[in-house]
Structure formats: C-alpha cells, structure tokens
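Single-letter residue listing:
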Amino acid sequence: MTNAPESSSTSLPVVGPPAHLDSGVSSSSVLLELRGITKSFGAVQALKHVDLEVPAGQVTALIGDNGAGKSTLIKAIAGIYAPTSGQILWNGEEVHVHSPREAEQLGIATVYQDLALCDNLDVVQNMFLGHEETRYHQLDEISMELAAKKVLADLSVTTVKSVRQKVASLSGGQRQSIAVAKAVMRDSKLVILDEPTAALGVSQTAQVLGLIHTLASRGIAVLLISHNLADVFVVADRVAVMYLGNLVSSGPISDYDTASAVDWITTGASTRGASTMAPAS
Amino acid sequence: MSSSPEINDVDSLVPHESPWQEVWAQLKGLRRGDSGMVPIVIGIVVLVAYFQIRNSLFLSAGNLVNLFVQATTFVLLGMAEIWLLLLGDIDLSVGYVSVLGGATAVILGDGQFHWPWFLTVLMAILVTTAIGALHGAITILLRVPSFIVTLAGLLAWEGVLIYVVDAQGTGGTISDSSEKVLYDLVNTNMSTLWTIIVLAASVIASSLVLLLRDRARRRNGLTVLPFVITGLKIAAMVIAGGILVSIFNTNRGVTFAGHQVTLEGMPWAILVDIVMLAGGTAFLSRTKAGRYLYAIGGNAEAARRAGVSVNRHRLLAFMLTGFTTGIAGLLYISRQGGVSDNVDSTLVLYAVAAAVIGGTSLFGGRGKIIHALIGGLIVAIIYNGMGLLSITASAEYIAIAVVLLAAVTVDSLARRGSEVSR
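Residues numbered from 1 in each chain as written. Chains lettered and ligands numbered in written order. Predicted model: local features only at pLDDT ≥ 70, side-chain atom pairs only at ≥ 80, totals over all residues.

Details of the overall build of chain A
- Helix and strand counts for chain A stand at eight helices and twelve strands.
- If you take every contact in chain A between residues at least 6 apart in sequence, the share linking residues at least 24 apart comes to 68%. (Helix = DSSP H or I, 4+ residues; strand = E, 2+ residues; numbered from the N terminus. Contact = placed C-beta atoms within 7 Å.)

Structural notes on the overall build of chain B
- For chain B, the count of helices and strands is 17 helices and four strands.
- When the 422 residues of chain B are sorted by exposure, 42% land in the buried category.
- By sequence separation, contacts in chain B at least 24 residues apart represent 77% of the contacts at least 6 residues apart. (Buried ≥ 20, exposed ≤ 12 C-beta atoms within 10 Å, placed from the backbone.)

Description of the pairing of strand β12 (residues 246-252) of chain A
Residues and elements named next belong to chain A.
- With six of seven residues buried, β12 is to be regarded as a mostly interior element.
- Note: strand β11 (residues 238-243) against β12, six bridges, orientation antiparallel. Within β12, the residue paired with V241 across the bridge is S249.
- Once β11 ends, the chain turns through two residues before running back antiparallel as β12, passing L244 with a positive phi of about 50 degrees. (Pairing = 2+ DSSP bridges.)

Points about unusual backbone geometry
- Of note, the phi angle at L244 of chain A is positive, near 50 degrees, even though the residue is not glycine.
- Relative to the assigned elements, L244 of chain A resides in the loop between β11 and β12.
- At H114 of chain B, a residue that is not glycine, the phi angle is positive and equals roughly 60 degrees.
- With respect to the element layout, H114 of chain B can be found in the loop between α5 (94-109) and α6 (117-141).
- Residue class for H114 of chain B comes out exposed when judged on the 11 C-beta atoms lying within 10 Å of it.

With respect to the packing of α6 of chain B against helix α7 (residues 146-166) of chain B
All names here are of chain B.
- Two elements in contact, α6 and α7, have axes separated by 9 Å at closest approach and are oriented at 140 degrees. Here α6 lies oblique to α7, going by the angle between them. In this structure, α6 meets α7 at a crossing whose hand is right-handed. Contact residues: α6 offers I131, H135, I138 and T139, while α7 offers S146, V149, T150, G153 and W157.
- Taken together, the residues of the contact of α6 with α7 sort by class into four nonpolar, five polar and no charged. (Axes fitted to C-alpha atoms, helices over the stretch in contact; angles between N-to-C directions. Parallel < 35°, antiparallel > 145°, perpendicular 65-115°, else oblique. Left-handed = near helix turned anticlockwise from the far one by under 90°. Nonpolar A, V, L, I, M, F, W, Y, C, P; charged D, E, K, R; others polar.)

Thoughts on the packing of helix α8 (residues 180-187) of chain B against helix α14 (residues 310-336) of chain B
Residues and elements named next belong to chain B.
- Close contact between α8 and α14 brings their axes to 8 Å; oriented N to C, the two are set at 85 degrees. By the angle class used here, α8 and α14 are roughly perpendicular. Judged by residue contacts, L182, Y183, L185, V186 and N187 of α8 engage L330, L331, I333, S334 and R335 from α14.

Here we look at the environment of W117 of chain B
- Here W117 of chain B lies in helix α6.
- As for W117 of chain B and D344 of chain B, which are separated by 227 residues in sequence, their C-alpha atoms are 25 Å apart.

A word on the pairing of β11 of chain A
Residue and element names in this part refer to chain A.
- Across the six residues of β11, six count as buried, placing the element largely inside the fold.
- Neither face of β11 is open: one carries R238, A240 and M242, the other V239, V241 and Y243, and all of them are buried.
- Taken together, the five bridges between strand β3 (residues 59-64) and β11 define a ladder with parallel strand orientation. Within β11, the position partnered with T60 by the bridge is R238.

Description of the nonpolar core
- V191, I212 and V222 of chain A together with A354 of chain B are the most contacted members of the largest nonpolar core, which totals 193 residues.
- At 16 residues, helix α4 (residues 61-85) of chain B tops the list of elements feeding residues into this core.
- Once you skip the residues sitting within four places of it in the chain, A354 of chain B turns out to touch F74, V75, L77, G78, A372, G375, G376 and V379 of chain B. (Core = buried A, V, L, I, M, F, W, Y, C linked by C-beta atoms within 7 Å.)

Description of the confidence of the model for chain A
Residues and elements named next belong to chain A.
- For chain A, per-residue confidence averages 83 on the pLDDT scale, and 86% of positions sit at 70 or higher.
- Here helix α8 (residues 258-267) stands out as the element of chain A with the lowest mean pLDDT, 85, in contrast to helix α3 (residues 123-127), whose mean of 95 is the highest.
- The model gives residues 1-24 a pLDDT under 50, and that stretch makes 48 contacts with residues more than four places away or in other chains.
- Every residue in residues 274-281 scores below 50 in pLDDT, and together they form 20 contacts with partners more than four places removed in sequence or on other chains. (pLDDT = per-residue confidence, 0-100.)

Quick notes on the sheet that holds β11 of chain A
All names here are of chain A.
- Pairing in this open sheet of six strands is mixed, and the strands run β6-β9-β10-β3-β11-β12 from one edge to the other. Lying at the two open borders of the sheet, with one neighbouring strand each, are β6 (108-111) and β12. Strand-to-strand twist in this sheet, taken as the mean axis angle between neighbours without regard to direction, amounts to 15 degrees.
- Sheet strands in contact with helix α5 (residues 172-184) are β6 and β9 (190-194), and its direction is about 165 degrees off that of β6.

Digging into the sheet that holds strand β4 (residues 85-90) of chain A
Residues and elements named next belong to chain A.
- Here four strands make up an open sheet; going across it, the order is β2-β1-β4-β5 and the pairing antiparallel. At either end of the open sheet lies a strand with only one pairing partner, and these are β2 (44-55) and β5 (93-95). Geometrically, the sheet is characterised by an average inter-axis angle of 25 degrees between neighbouring strands, direction not taken into account.
- Together, β1 (30-41) and β2 form the strand contacts of helix α1 (residues 70-77), whose direction differs from that of β2 by roughly 65 degrees.

Some points on helix α16 (residues 370-388) of chain B
All names here are of chain B.
- Taking 1.5 Å per residue, 19 residues should reach 27 Å; α16 reaches 27 Å between its end C-alpha atoms and fits that length.
- For α16, the buried fraction is high: 14 of the 19 residues fall into the buried class.
- Of the residues trailing α16, S390 is marked for its positive phi of about 55 degrees. (Expected span 1.5 Å × (residues − 1).)

So, the environment of S85 of chain A
Residues and elements named next belong to chain A.
- Within the fold, S85 resides in strand β4.
- Overall, the presence of 12 C-beta atoms within 10 Å leaves S85 in the exposed class.
- The sequence separation of S85 and K48 amounts to 37 residues, and the corresponding C-alpha distance is 9.6 Å.
- Ignoring sequence-local partners within four residues, the contact set of S85 consists of G36 and T38.

Quick look at the structure:
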C-alpha cells in the first residue's frame, strides 16, 4: 500500500497564515462570530446577549469565575444547547448548530475535561474511534497507525512512545494530547478546549500549552477555557472575560495584565491596566 | 513498494524499542492482566501433573479425548459469556437457554415432526439468538441491569424447558436417537487423515496471520514485535498441533468381546469449537463492530460521543451470546444423547468460570475469545480429573469455586493495578 502523507485524508488543514498578533480582529480572519447570544433556562438567564469573535489561527482564552457562563457558551457553540436568541456566524454566514454532530461537520471539535478516551484501547484505536478505516470490510490497522503517527508528528507530540500502547498507561498530559489530536485530525477549524491543563503537573502543562500553540500556528482557531491565568498569559492571543452571563470584556492579550484580568473576573469591571474595551452592553 | 521518506521521518520520532524492552514490556503487561497466559499455562501444568500422579490414566489418549469433548461445551458457553462480559454485562441464563436450544433441535427432529437435521439446527440457533435479543431488548429499553434480566431468564427458561420437554409425553426425557447427525457431532470422529489436515490447516492459517501482519507492518516502516516472539508463538502452535494429532490419531479402542474396536480421529465437536474460535477472534479483532464492543466496555460515554450506536451494539452482543449459546446447546445434547428436564444447574457457573479463568474481565472492556478455550480447558481438566479420582461432586464444586474465585481476584487486582499505574 502506498500511503503518501500529502494525500492523507487526515492531514491537518492549513487555514491561511496566522493572523497578526495584537492587531484586533480583521473581519476576514474571523472564523466564528457570536452576535447577541442569549440562553435562558426557565427564569434563569445563563447567557445575556454575548458578542464574541473567534479568529482563525489564534488562541482565544475564555476566562471567568465559576458560574460565569463559560460552559454554557461553549455548549451553545458545540451544538449541545440551542441558544434562546442570537446569531452564530461561521465564516461570515449564519449557521444553526442543532447537535454535536452538526458542529463536528462544520469543523468544530470540543475536548471536554473528561477527555472521552477508552482506557482499554490503544492510542490509534482511540484516535480513530467511530471513524475507523477499513479495507475489504476489515479494519485497516496499518493505514490508521500511519495516519495517527503523522497527526501526532504534525502536532509535535513526541512524548508518546508507542501509538500502540493502551491509553490507560499514558500520563495526564499525554492523554490530553491524544484527546486534542483526536479532535483535530478530522479537518477541524475550531477547537474548543475545556480546562485542558487542570490537574496537570508543571512539565505536562508546558507540553499541552505547546500543543495549543502548535494548533494555532497551523491556522486552527482555538477557544481555550481556563481558570489558570498564568497559562492564559503564556498561550493566548486574545482574551474574553465572562461575568454573571455577560461577556464583559474582550481584546488582545496585550490589553490585559494579571491584575486587570482578576478585576474583570471578580467584579465584571476594571479601572486598571491597558484595557480600554467597553463592556458588552 | 517503497516507503516514502516522510513516513520514515515520522517513524523516527517514535523510538524503536529493542527486543529486550519489548520482552520486558510483555512481562510488565502480565501484572496489568494484558497477557495473562503464562500463569494460566503454569496452572494447567500443575493440574495435569497432579491428576496424572494420582491416576496414570489421566494422560491416556482415551481420557484426553474425552476431556476435550467435555471441554467443548464449557468452551462454547464461555465464548457466549465473553460477548457480554466485554460490555461489562453478564448472562446468567446461558445454561438453560443452551439446553432449550438443544431441546428445540431434538424435538423438531423427533418422530413427531421429522424435520431434516439442518433445519432443526437452524431453528435451535434461531431460538437462542431470539432469546438473547429479548434479554438485550429488556436490558436496554428498561435500563435494568443485565444480571437481573438474565437471572429472571435463568428461572423462566428453566420453566419453559421443563414445560416443553414434559409436553412431549415421554416422561421428562427425550432421546435423540432419531437424529443421527446431532448425535454424531460429539460421538463420532473424523478420519485420521482429516484430523491431520484440519489441525495442520489451523496451525498454518494462524501462523500465516501472524507472519503476514508482521510483514505488512515492516513494509510500512512500523514497529514489529521481535521475530523471537512471533517465532516462539508459531513454534508453540506447531508443537500443540503435533501433540493433538498424536492424541487424536491414537487408537483409543478397547478389546471388546474378543476383537479389537478401532476408535481414532478427532471428534467433530472439536472442529465446531475451532471454527467458532477463529470466527469470533476475527470478528472482535478485525471488524468495526468488534472494536466497538471493546470501546463500549471501556468507556460507553466515549463510544457514544465518537458516534458509536451504543444500544445497537449492546443488542448485537446479546444476540451473539444467544447464537453461541445455541451452538453450545447442540453439543451438550449431543453428548447427553438427548435432553431431559433435569439439567445440571451449574452449567452457567462453568460458563462464567471458563471466561474469567481464561482472562476475560468481569468489569468489561478486556477479553478475547481464546480465553474461553483456555478457561474451558481448565474447567474440563478439573471436572474430568476429579471424576477420574472418584472425588465427590461436592468436592468438585468447591474446587471449581476456588479456581473461579482466584481468577476473579486476579482480574480485580489487575484492574486496580491498571488504575494505579496511570
């Protein structure tokens, strides 16, 4: 069998050059745009008129305290919750995402905190779960293994010694890397990462942050949910702060410092630092 | 066929392991329960040695063939159990369901109905597969644990069996004399030549699978197990095949009424087990559905999110259990020479014991069809050996219980070990 890497269906997409850092969002590079997204659960308004732009090739960090609405927002993007009102624009066109599968078809991949890996399967088997390649109705283990290796190499994931080891034997950082690789290997254009560094040690956190950086440099839009401001300031290009269901501030990372970010997270307002973005009404 | 430089570059990122690292990894795998074959083989050797010392007839060809035939039912029931154990489910009703399937075949082939043998066999398997589907539907739709559903099945199908058998008006037993083919399954042998051909073909086919897989991986620049290990596996299969041929093709006949009776060759029932072993293994390791059974057993939520239809595959596993149970039932009634309403209620325990002793986990996600072969063989060794030593049934039950408990404990420890090692 000849499996030229160039023709592999699982090669990572390259969506134009990385957008300029610190230069606001130019309209052409905006992959996902939320306009006035509201989500109510009965009388409770979990999201109040959220506007957010997620550009391709950049890491957008979504920060906020517990209960600020971060999870509800990503679930609205990932097709788990239908927004009560508001528009979702994908490459400038309005889309309606009714199910996780529809989100996946658009190119939105979500890696939840629980990673959804099968411990009893090996790395290749996990990465291809539900999308196995077959030849003559038999699993084509060789082409899947080659493709898995290529994806991991593309993402510079070098710590996984053998792609045929069981996921149960991997470290937390390796498991996170495999979950991310699994999410992006099928032409994903936007990857949503929910607390990818929670519960990881120092070196494993660095490994995952490196992976996030690699994703962005491949032109993929990354939406990163994190409690850890240190991680955010290492890896994010843009920041969006949520407070009690409102998106209170967003802008390039250079507009923020730790003190102002903490102000935004805890009080929904800040008078410090370089941030000049007006709160979303 | 040239591997492109890119692929080699990718490959070089993952360091090739030396043979010794590989061997070491396999040894470490033992503790995690990944390849628990070695302790099992040691167990078999100890048991065989014990029974042989106590009774020199144990290792005679005649007794060994008898042992293998006894094992065929345990092996198939163990296989039936493995489909569900992989999902973390269990079927407690396989004993009575298998006999009910057998009874279906016997009754339909009997004087009253006169169905041809292939239709009776087909019907028996259809009945047990339908019963499996029913168990599955109740388990899935009503979200009842499978052990409760099949515990109810254990009682219900025993009732149905007694009713069906008694309804024939033959006093609670139906002999199978009218159906020659069914009877022949266990009680006649293939010729010595066919014995050699079948066993040699089995060994060659499994060796080829190993060698071709290694060759394809090497051609694509993927890591390959050191040849030592593949070679050892093949050598073991060749030796086992040779030993089996010599056992089966020994004349086991006795001198009866002054003249020598010839009794040689492999019983047909064993071919049934070989075919089921090959088919089941291919299904689990080579098809998407097989892969999904493992995935659901490992993390059903992950499988669901990956787009696997969890309920459909659970139903499939229940039906495979029913299917395999039916075949086990045909061998069972063939060995019994008919069916009675008084069935050995420990059959199901032997089934679970065969699967778990062989190395399949009760907790789901880990197991192979070959585990039923090994576990079923161990159960048969204890069953046969204790019978040979005229040990009472009570002691036999206790012995098998101890082995089962030991196997489950090892399974439990292995599971804990793999959780700690993360």
